[in-house]
Amino acid sequence: MCGIAGILHLDKSKNHFDKKTYRQVQEMIKLIKYRGPDAQKVVVCPSGAMGFSHLSFIGKLSNQPIFSEDGRYLFVCNGEIFNHLSLRKDLENLGHVFSSDSDCECILHLFEQYGSRGFSKLNGQFAAVIWDKYAQKCILLRDPFGICPLFYTVKNTQLFFSSEIKAILQVFPNNVSVDMRSLVQTILFYGPIPPHTIFHDINQVEPGETVEISNTGVNRCFYINIYSNTKILKGSKSEKSHILEKYVNDAVKLRLQEKYNSAVCISGGLDSSWIASIATTLNPKVMAYSIQFTDYQYDESPYQKQLVNFLGITHIPIMVSLNNIIDNLIQTIWHAELPLTRTAPIPVYMLSKAIYNENNQYILSGEGADELFAGYPVFQRCKTSIQDKFDKGICILKNLGLFNQMEDIIKADYTSFIPNNRASNLKNLQKIEINTKLSQYLLSTQGDRMYMSHSIEPRFPYLDSNVVSFAFSLQKSDVLFQKQNKYLMRLASCNKIPESIRLRNKQGYLAPTIHRQMMKNDLGKELLSKYFSSQYTRQLGYFSDYYIKEISHKMDNDSLDETDKTCFLIILTTHILHSLFIEKSTF
C-alpha cells in the first residue's frame, strides 16, 4: 500500500495551474512519506494536483497518479487489487489500453467501462480517487472493509484528500478542533461513526462507499453490499470445510509474492496459525512475527512456540515491557490520529518497526475470521462487542463528565447500530461487529495505521471476497456447533496446526495497562506532569476537572479500578492528540 493526497478546485473559474497548490500537495506527501518510501510523485492538472508516495510491489515506481487514455480522468490509488490479472484481461478484451503494469490501474478502466458499479468486481484492499475534468467532479472510493483509509474535506470550493488526516491538517486553511461526539463514539463504538472523524470538518470515506464531490455538493452511496448473499449453502459440514479450505488457501496464495520476503503475524490462536500453516506450505521461507509480553497475564508465547516448532518456521518474537509501551505512546497517537481506549495498538506499532528492520514489506494477518466465523464469545450470548461493553462505556462517560451533556446523542448513535436494543440473528451480530470493532479499530487504529507507520502492508486473507461470500452463505450451526465457535475453521485446519491451538478457546489480544509504571518511567513522569496538570486540563476542558484530580489521587494510592484505568488512558491520549494536532507540538 501507499500514501495518496491531493487538492482539487471544484470551481471551474479556477482551472489554471497553481504553484501554491502544487507545493501544498508536495508537503502533504512528504508528511506521510513513511507509507511509501520508494518514490514520491505529484501530478498537476488544470484543477489542482494529486500526489503519490509509493511502496513498490506491482508496477513501475511511482507510475501514479495517471491519466486515462483520453485524458479525461486523473487517478490515484492506495492499495492492492488481488484479482487484477483477470480483470485486466477482461478489460483489454473490451478494448481498454493499460499504460502501466500497476494492479490498481484496473480500477480506472472499470470506472470507464461500468461506472461506479464496476468497483464491486474488485477483490482487494484499496482507497482511490478519480478526478473527472469534464464534469468537474471527484469520485472517492474505499474497499468494503475499510482496510485502506481515505479522508477528505471541502473548504471554499477546494477539495482536500489524503490517506491520513495529518496531511490535510498540514495545509488546511482552518483551525480544527476535537469533535466531542466522535470522542464519545470512539469510547463506545471503537471509533467515530463514518463519515465523521475525531476532528470537526474532516470526513472519512465509509467502507464500501463512493463519495462524489462537485461544486453542487456531496453525494454518498454504497457500490457494494457484502451482506447481500442470503442464499444458504447446502451440504455436510465436512463438504463445507473442504470448500472453506480451498478458498482460504487461494486467498493466502493471492497475497503471497515470491519476489518479496514473506511474513505472517502469529498470536498463538487458531486464525493466524492456520494462515501461517498455509503460507509455510506455499513458501517454506516465510517468517513468523509475534508479540510477547513480560507480563505473563497477556503473554501467549507458549502457544506461539508450539506453532513454530510444529511448522518449522523462522520466528522473530517482539518482547514488550511496560516501559516499551510508555516510550512508544506518543508515536502511536501520531499515527493512530485517535485517542486510545486500550494500549493494544502500541505493541503493534513496535512490531511493524521490527518487521521493517528485517526487510519485510508486507505481513499476513488473521483479522476478520472472528467476525465472519463467529469467533467471539459474545456471539454465543447473542450480543456484539459494543453491547457487551456498553454499560462500562456509560460509566466511563459519566466519570469523564461527558454523559449528561450528550445523553440523547448517545442513545441515537447506539440505536443506529442496535435497533430496539437488539440484533435479531447471528448475521446481524456479525454485520455490527464488522462495521464497528473490525473496520473502525482492528483494521484501522490497530491495523493500517500501525503497520504503515513503518511501510509494512498488512494483508488479510480472511477478508478475500470469495471467503466473505462463502461465510455469509453458512448456517448458524456451521459456525456455532455443540457450543464450539468457528466450527468449520476448526474442521478445515485439522492436522494443519497443533491440536492445542486448533481447539483452543478464544483469547483476545490485549496489552498491559500502564498507570502503575508511569511514575517509574522518565517519559511517563513528564507526560503526567504536563497532561494531568490542573492548568492544562482546565485549559483544554475536555473532561471533568474534579474527576481528573480524583484519578490523580487514586494513582498516588494505587487504587484505580478497571474503569478508572481506561479513563486514565483516554484522558492522557486525548490530551496528547490535542497537543500533536491542534497545538502542533513536536515529539
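The structure under discussion appears in the preceding block.
Below: a short report on this structure. (Residues numbered from 1 in each chain as written. Predicted model: local features only at pLDDT ≥ 70, side-chain atom pairs only at ≥ 80, totals over all residues. Heavy atoms only, no water.)

### Focus on the overall build of the chain
Heads up, the rule is: Secondary structure is summarised from DSSP: a helix means a run of H or I of at least four residues, a strand means a run of E of at least two, and numbering begins at the N terminus for each. Values of the radius of gyration come from C-alpha atoms, whereas the globule rule sets the reference at 2.2 Å times the count of residues to the power 0.38. Relative accessibility under 20% of the residue-type maximum defines a buried residue, over 50% an exposed one, and the middle range a partly exposed one, all with a 1.4 Å probe and only protein chains included. Any pair of residues with heavy atoms lying within 4.5 Å of one another is described as a contacting pair. Surface accessibility in these figures is a Shrake-Rupley result with a 1.4 Å probe; residues are shielded only by whichever protein chains are displayed. Residues scored as charged are limited to Lys and Arg (positive) and Asp and Glu (negative), so that His and the chain ends carry no count. In plain terms, the charge of a residue is placed at NZ if it is Lys, CZ if Arg, CG if Asp and CD if Glu.
The number of helices and strands found in the chain is 25 helices and 17 strands. Against the globule reference of 25 Å for 587 residues, the chain gives a C-alpha radius of gyration of 23 Å, in line with a compact fold. With the C-alpha coordinates aligned to their principal axes, the bounding extent of the chain is approximately 70 × 60 × 50 Å. In the chain, which comprises 587 residues, the proportion classed as buried is 61%. Pairs at least 24 apart in sequence give 72% of the contacts found in the chain among residues at least 6 apart. Carbon and sulfur atoms form 47% of the exposed surface of the chain, whose accessible area is close to 23000 Å². Of the side chains in the chain, 63 bear a positive and 56 a negative charge, and the two mean positions are spaced by 2 Å.

### Quick word on helix α8 (residues 301-311)
Stated precisely, the cut-off is as follows: This arc is built from the directions going out from the helix axis to the C-beta atoms.
When α8 is considered as a whole, its buried residues turn out to be Ser-301, Gln-304, Leu-307, Val-308 and Leu-311. Along the long axis of α8, the arc covered by the buried residues comes to 120 degrees, so they all point the same way. Looking at the residues trailing α8, positive phi occurs at Gly-312, about 70 degrees.

### Some thoughts on the packing of aromatic side chains
Aromatic ring pairs are reported here in terms of the distance separating the ring centres and the angle at which the planes meet. Keep this limit in mind: Pairing of aromatic rings covers Phe, Tyr and Trp, the last through its six-membered ring, and needs centres within 6.5 Å; plane angles under 30 degrees mean stacked, over 60 mean edge-to-face, and all others mean tilted. Counted as over-ring charges are cases with an Arg CZ or a Lys NZ within 6 Å of the ring centre that also lie within 35 degrees of the ring normal.
Across all of its chains, the model carries 19 aromatic pairs by this definition. Measuring from centroid to centroid gives 5.5 Å for Tyr-531 and Tyr-536, while their planes differ by 70 degrees, and the two rings are edge-to-face. Grouped by ring-pair contacts, the aromatic residues Tyr-73, Phe-111, Phe-119 and Tyr-223 constitute a single cluster. Over the face of the ring belonging to Tyr-114 we find Lys-121, whose NZ or CZ atom lies 4.9 Å from the ring centre.

### A closer look at the sheet that holds strand β10 (residues 203-204)
Within a sheet, neighbouring strands are paired by backbone hydrogen bonds and run either parallel or antiparallel to one another. What counts, and what does not: Should DSSP find at least two bridges between two strands, the strands are regarded as paired. Under this scheme, a helix contributes an axis fitted over its contacting stretch, all axes are lines through C-alpha atoms, and angles between N-to-C directions fall in the 0 to 180 degree range.
An order of β2-β3-β1-β9-β8-β10 is seen for the six strands of this open sheet, with the pairing classed as antiparallel. Both edges of this open sheet fall to β2 (39-45) and β10, since each of them pairs with a single strand only. Bridge count between β2 and strand β3 (residues 48-54): seven bridges; the pairing is antiparallel. Bridge pairing in β3 places Val-42 opposite Gly-51. Where helix α1 (residues 19-31) meets the sheet, it contacts β1 (3-9), β2, β3 and β9 (158-162), and its direction lies at approximately 160 degrees from that of β1.

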